[in-house]
Amino acid sequence: MLLRGKGRRDRVVPISKDLARALTTLLSERGIAHHEPRPIFVGARNERLTRFGATHIVRRAAGAVRRRS
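These notes cover the structure that comes with them. These numbers were taken from a predicted model, which means no experiment stands behind them.

Overview of a positive patch on the surface
A cluster of basic residues, Lys6, Arg9, Arg11 and Arg51, forms a positive patch on the protein surface. Within the fold, Arg11 resides in strand β2 (residues 10–12).

Remarks on unusual backbone geometry
At Asn46, a position not held by glycine, the phi torsion is positive, near 60°. Assignment of secondary structure puts Asn46 in the loop between α1 (17–30) and α2 (51–68). Given the relative accessible area of 61%, Asn46 is considered exposed.

Structural notes on the environment of Ile40
Tracing the backbone through its elements, the reader meets Ile40 in the loop between α1 and α2. With 35 residues separating them along the chain, Ile40 and Gly5 place their C-alpha atoms 14 Å apart. Setting aside residues up to four positions removed in sequence, Ile40 forms contacts with Leu26, Leu27 and Arg30.

Things to note about α1
Each α-helix turn comprises 3.6 residues. Residues three or four places apart therefore point the same way. Along its 14 residues, α1 runs 20 Å from first to last C-alpha, staying within 8% of the 20 Å computed at 1.5 Å per residue. Among all positions in α1, only Leu23, Leu26 and Leu27 are buried. Along the axis of α1, the buried residues cluster in a sector spanning 100°; they form a single face. α1 presents Lys17, Arg21, Ser28 and Glu29 as exposed residues on the side facing more than 90 degrees away from its buried surface.

Definitions and limits used
Residues numbered from 1 in each chain as written. Predicted model: local features only at pLDDT ≥ 70, side-chain atom pairs only at ≥ 80, totals over all residues. Heavy atoms only, no water. Patch = residues over 30% accessible without salt bridge, like charges linked within 9 Å, V, L, I, M, F, W, Y side chains within 5 Å. Areas by Shrake-Rupley, 256 points an atom, 1.4 Å probe, with all protein chains shown as cover. Salt bridge = Lys/Arg side-chain N within 4 Å of Asp/Glu carboxyl O. Lys, Arg positive; Asp, Glu negative; His and termini not counted. Charge placed at Lys NZ, Arg CZ, Asp CG, Glu CD. Helix = DSSP H or I, 4+ residues; strand = E, 2+ residues; numbered from the N terminus. Buried < 20%, exposed > 50% of the residue type's maximum accessible area, 1.4 Å probe, protein only. Contact = heavy atoms within 4.5 Å. Expected span 1.5 Å × (residues − 1). Arc of directions from axis to C-beta.

Shown next as structure tokens:
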């Protein structure tokens, strides 16, 4: 998979086949073409998800799992 990283540099990131299928499905569900320059993961305001937003989502999910256990 080709990602645009820090400094707008393109990076090749190896991913598993099942993850590639899941990402392809997500792109299709969101109506995003494979090479369209739109964010895949978006926040509540439909803007690009930041690392802080991703951290918040993971912490909230982990807290929910802890409360269920």
